[in-house]
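Residue-level structure breakdown
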Amino acid sequence: MPGFLRRLFAPRWQHPDAEVRCQAVARLDPASPEQRQALETLCLDAEATVRQAALERIASPETLLELLTRQPELTEIRHRLVMLLSGRSGGIDLTQRLRIVERLDDRGLLSQVALEGDNQQLRLAAVARLTAEEDLIQQACDNGIAAVRHAAAARVTSEAGLQQLVQRARRDRQVMRQARERLNRLRTDAASLAAARAQREALLAKLEAHARAPWEPLYAGRYRHLVREWESLEDLPDPEQERRFQEASLQCRKVISDHEAREHAIAETDRRREQAAEARESLLEALEESLAGLPRGDRLTAQDIASLRAQKVLLANRWQALSDLHVTDEALRQRYDSVLEDYDRVLGAWERLDAHAADIERALKEQDAERLQASVTACDWPDTLPPSPLLARAQQWLAGREESEDEALEVRLDRFSQDLVQLEKLLDRGAFKGASRLHQSLRHRADSLPAASLRPQLATLKRLGARLAELRDWRGFVAGPKREQLCQAIEQLADDSGITDAELDQRHRQLVRDWKGLGDAAASRELSERFRSASDRIHERLAPWREHQASVRARNLEARTALCEQLEALLEAPAGDADPDALRRIRDQAREEWRRHSPVPRDQAQAIGRRFGRIRFALQGLIDQRAKEVADAKRELIDEVQALIERPLPPDERAERTKSLQQRWRELGRAPRGEEQTLWREFRAACDQVFAMREAQRDDRAQRARQRLDEMQALIDRLDAWQPARHADSQVLEQAIAQAAALEPLPTGRRTEGMRRRWSGIVRTRRERLARLAVVEEIQQWQACRPLLEAHLAADAAYLEGGACEDVPLAQDFDLSDEMRSAHERRNAARQDPPPLQEVGERLARLRVHLSLLAMGRISQHDEPLRLAIQVERLNEGLGRELSRAEEVRIVLRNLLATGPVSPEQWEREVGELDSLLTRLTRLPPP
């Protein structure tokens, strides 16, 4: 079909003419599916009038929503939807509209429905679907229903949104007040969170600084205190703070564990040192017992000396081995030196006797008394030691045998009885070696004494000998298997090639010590040869290693010697202000270095050990001296803090001085161990008292500041609720300003800044209202003077028409100010000597322009010179004090009353503009 025919037979709603399509809309039935489809197509027509007509025929919001999704930019569809959903047209049931609104997501539609809905429930449902805060603020400020405003305002949560509510919600003071309260609460919470975060940051800084600090006695307590403070905070830390806290805590625990490990190592070292001291003491006791047993015998034989020498060699070797590992205690070393001196005296006497033994025997054989006496004197035998058999014969021969035989026998019998008692004590203690030596000595002496005199003692000696034999058998019974095990162990050790030389030497030494520890119990030649053969093989195997150890010992001896020389140089010229902590570190490092350079050659170990012991003793004395000086200095610091507490100083200054004293305390070092904690507790208690006084003052200051803030807040609320009704109420505002000035200075902070801004706004608003009231009152007073003005105008008109010049009387009950009375009198005087009418017209025009400037009215072009002249005049008059608008209005109205005579034509020409300007002034805000 040709295009013309298609257009001819096409439906009217598809006509090219918009007016035809618009007319066709009215004939379409929305109930018919086809015609409804045509209506929907026309709703999207390119012509606005057609779209509008088609949309008027559609009453289904669902259809309009579908069309809106296809053409979201068409405002007509949105407008029709708002009309239907708000209930202004369409007659749709409220329940259906609520269901549709509850499914809407379009911000614009929801906002319009919330503003224009015909039902509160519908508006609330629309507000509930809104999510954007700016939409909620708009509803809270502009909605006409209070419940909707409150519901929208309750969902505004951000600080910026609440600030907008405070500024824009002028029509609903409850919304403004609640927004202000929530804003203040939000800011307070933010400040609290910031303060809590700052507190956590401060704790973290302290904990991290504590983690980097060296160990001190209160380290663990301070760490636990910081952890308790961290855990007592109510807010939750952020992940970064938690990570930093865990790292700092881990570092602190590492410092504590390292210290505990060091303390454990020190305790273990002390335990080993105590064991070494016990071993040394047992060796010393054995040698002392042997030396003490010598005077109890009748004779001192070569066997006694050989046993004493062997015991001394054992003591020296064992003492040297222990000294290589642990420093000898001073008292024990002195005891060792004393024992060695006693041993040297005994051995020196024996060597002198051995050197003169041949001379004594020849002198006895030749019976040469003089030569014998000289030899005995040369021996210089000590009186505390029993003589040897040779020396006893020589002494008896010289003293006369017949005269001293009974006395010597009695002394020998008495000593024999005492030794029997001592033997029984040794057997009771199980001291086999001492008991064996003493029993052997008693048996030898019993042979040289008469049997008749020893009958009771011999029975006791026999009984004690049986006990000694029983003890020997028991030791042999126990030691036999032990010796066999030691032989097997040393043979296995000699054949074992898988162990290191150091371990081999250590185990070999231990086996040798165990073998020697058995003494002669269950000893046999076969076992001794087996043990010695295996030991010799081990010695051959260890020969190269021992050569290397000898060189190491030599280097260690050199290092120890150098260490002693360094310490001696330090002790010769110690610094006057030497830090005891530094000296303690030097002592500990020297001890560690001494232990590290071990072992040393045995023949020189004792001498270098004694040298180091003397140095340590001197160094400890220096440490104690410096620590005592530190303790005295710290006591002076405590006294200074106590004096600061008693002096009338400001708490902040007192706290700053206390901090400087604390810095001096840290720089002093540590006092002696027993006094440091006591002094620290006293100093800390005094410092805590100083800081408590400062905190009390700060709390009092903060309390007063909070009280001033509360009073300022109450003053702001009171002034906010007050509205002046007349200009005379300005006294109330001035009193409030004086009260606010009396509360200054307020503490700094966001709350104070907010209060100041609010106070400034309230004062500015009240001043503006008072200024407006002053202008209104001036105009009202002028209105009250209108009858007087009308009377003057009538008198002016009569005078200008040629009548008599009459003064306008002033009623006695008429209340008029002095300025207006003066103007009234000048007006009467002006009719007596009238100025030209042109001059009067210019004055009226000038007053009108002046009033127009005050009312911010429009000024014509030909009045522009007057405006400039009046502005210059106002500037000149305002150099001293700027006049208020009310004062200027009063001056203008006073001059208006005084200007005359005015003709009716002039007045008619100006009165309309003057009245409109006065009316404008009553509504105009103050400048």
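Residues numbered from 1 in each chain as written. Predicted model: local features only at pLDDT ≥ 70, side-chain atom pairs only at ≥ 80, totals over all residues. Heavy atoms only, no water.

Looking at the overall build of the protein chain
The condition that has to hold: A run of DSSP states H or I qualifies as a helix once it reaches four residues; a run of E qualifies as a strand once it reaches two. Both are numbered from the N-terminal end. For each residue, the accessible area found with a 1.4 Å probe, counting protein chains only, is set against the maximum for its type, and the residue is called buried under 20%, exposed over 50%, and partly exposed in between. By definition, residues are in contact when any of their heavy atoms lie within 4.5 Å. Each accessible area is a Shrake-Rupley estimate made with a 1.4 Å probe; only the visible protein chains count as cover when residues are assessed.
Looking only at helices and strands, the protein chain features 36 helices and zero strands. Here the protein chain, with 927 residues, has 39% of them falling under the buried criterion. Within the protein chain, contacts between residues at least 6 apart in sequence are counted, and of these 71% link residues at least 24 apart. About 52600 Å² of surface is accessible on the protein chain, with carbon and sulfur atoms providing 50% of the total.

Describing the nonpolar core
Operational definition: Side-chain atoms within 4.5 Å link the members of a nonpolar core, which is a set of buried Ala, Val, Leu, Ile, Met, Phe, Trp, Tyr and Cys residues.
The biggest cluster of nonpolar side chains holds 33 residues, and the ones touching the most others in it are Trp 782, Leu 851, Trp 907 and Leu 921. Secondary structure elements with two or more residues in this core: helix 30 (750-784), helix 31 (786-800), helix 32 (818-832), helix 33 (837-855), helix 35 (885-898) and helix 36 (904-923). Looking at this core, the element that brings in the most residues is helix 35, giving seven residues. Membership of the second largest hydrophobic core comes to 32 residues, among which are Leu 294, Leu 300, Tyr 336 and Ala 363.

A closer look at the packing of helix 28 (residues 673-721) against helix 29 (residues 730-743)
Test applied: All axes are obtained by fitting lines to C-alpha atoms, using only the stretch in contact for helices, and the reported angles, taken between N-to-C directions, cover 0 to 180 degrees. Any angle that falls under 35 degrees is termed roughly parallel, while one over 145 is termed roughly antiparallel, one within 65 to 115 roughly perpendicular, and all others oblique. Helix crossings fall into two classes, left-handed where the near helix is turned counterclockwise from the far one by less than a right angle and right-handed where it is turned clockwise.
Contact geometry for helix 28 and helix 29: axes closest at 10 Å, N-to-C directions at 165°. Relative to helix 29, the element helix 28 is oriented roughly antiparallel. Remark: the crossing between helix 28 and helix 29 carries left-handed chirality. Note on element contacts: helix 29 touches helix 28 through Leu 733, Ala 736, Gln 739, Ala 740 and Leu 743, opposite Arg 708, Glu 711, Met 712, Leu 715, Arg 718 and Leu 719.

What about the environment of Asp 368?
Mapped onto the secondary structure, Asp 368 falls in the loop between helix 17 (330-366) and helix 18 (369-379). Other than its neighbours up to four places away in sequence, Asp 368 contacts Ala 363 and Trp 397.

Regarding the environment of Arg 750
In this fold, Arg 750 is placed in helix 30. Linking Arg 750 and Ala 191, residues 559 residues apart in sequence, is a C-alpha distance of 8.4 Å. Discounting residues that sit within four places of it in the chain, Arg 750 has contacts with Glu 159, Arg 187 and Ala 190.

Looking at unusual backbone geometry
Residue Pro 745 follows Glu 744 across a cis peptide bond; omega there is 0°. Along the chain, Pro 745 turns up in the loop between helix 29 and helix 30.

Side note on the packing of helix 30 against helix 31
Inclusion rule: Classes in brief: Ala, Val, Leu, Ile, Met, Phe, Trp, Tyr, Cys and Pro nonpolar; Asp, Glu, Lys and Arg charged; the others, Gly included, polar.
It is at 4 Å that the axes of helix 30 and helix 31 come closest, and there the two elements cross at 50°. As the angle between them shows, helix 30 and helix 31 are arranged oblique. Every residue of helix 31 that contacts helix 30 at Trp 782, Gln 783 and Ala 784 is listed here: Arg 786, Pro 787 and Leu 789. A breakdown of the residues in the contact of helix 30 with helix 31 according to their chemical character gives four nonpolar, one polar and one charged.

A closer look at the side chain of Thr 658
Looking at where Thr 658 falls in the secondary structure, it is placed in helix 27 (residues 651-668). Residue classification places Thr 658 among the buried residues on the basis of a relative accessible area of 0%. If we ignore the near neighbours within four places in the chain, the residues touching Thr 658 are Leu 644, Cys 687, Val 690 and Phe 691.

Observations regarding the pattern of salt bridges
How we decide: Every case where a carboxyl oxygen of Asp or Glu lies within 4 Å of a side-chain nitrogen of Lys or Arg is listed as a salt bridge.
All told, the structure shown has 39 salt bridges when counted by the stated rule. The closest approach of N and O atoms between Glu 201 and Arg 197, which form a salt bridge, is 4.0 Å. Taken together, the positions of Glu 201 and Arg 197, both in helix 13 (residues 173-212) and four residues apart, correspond to about one turn of that helix. Using a relative accessible area of 25% as the deciding quantity, one classes Glu 201 as partly exposed. The shortest N-O distance in the salt bridge between Arg 726 and Asp 729 comes to 3.8 Å.

Section: the confidence of the model for the protein chain
Selection criterion: Confidence of the predictor in every single residue is expressed as pLDDT, which spans 0 to 100.
Mean pLDDT over the protein chain: 76, with 82% of residues reaching 70 or higher. Confidence, expressed as mean pLDDT per element, reaches its minimum in the protein chain at helix 1 (residues 3-9) with 39 and its maximum at helix 29 with 86. Overall, residues 1-10 carries pLDDT values under 50, and its contacts beyond four positions in sequence, including any with other chains, amount to three contacts.

Quick word on the packing of aromatic side chains
Threshold: Two aromatic rings, drawn from Phe, Tyr or Trp (for Trp, its six-membered ring), form a pair once their centres lie within 6.5 Å of each other, and the interplanar angle then sorts them: stacked below 30 degrees, edge-to-face above 60, tilted otherwise.
Counted according to the given criterion, the structure contains five aromatic pairs. Seen from their ring centres, Trp 594 and Phe 612 are 4.0 Å apart, and the 10° between their planes marks the pair as stacked. Here Trp 594, found in helix 25 (residues 580-596), pairs with Phe 612, found in helix 26 (residues 602-646); they are 18 residues apart in sequence, far enough to count as distant. With respect to class, Trp 594 is no different from Phe 612; both count as buried. Aromatic ring contacts, followed pair by pair, group Trp 665, Trp 680 and Phe 683 into a single cluster.

Side note on helix 25
Threshold: Expected helix span is computed as 1.5 Å times (number of residues minus one).
Along its 17 residues, helix 25 runs 24 Å from first to last C-alpha, staying within 8% of the 24 Å computed at 1.5 Å per residue. Within helix 25, the full set of buried residues consists of Pro 580, Asp 581, Leu 583, Arg 584, Arg 587, Ala 590 and Trp 594. Elements that come into contact with the buried residues of helix 25 comprise helix 24 (525-572), helix 26 and helix 27.

Points about the environment of Asp 624
Inspection of the secondary structure assignment puts Asp 624 in helix 26. Along the sequence, Asp 624 and Arg 584 sit 40 residues apart, while their C-alpha atoms lie 9.8 Å from each other.

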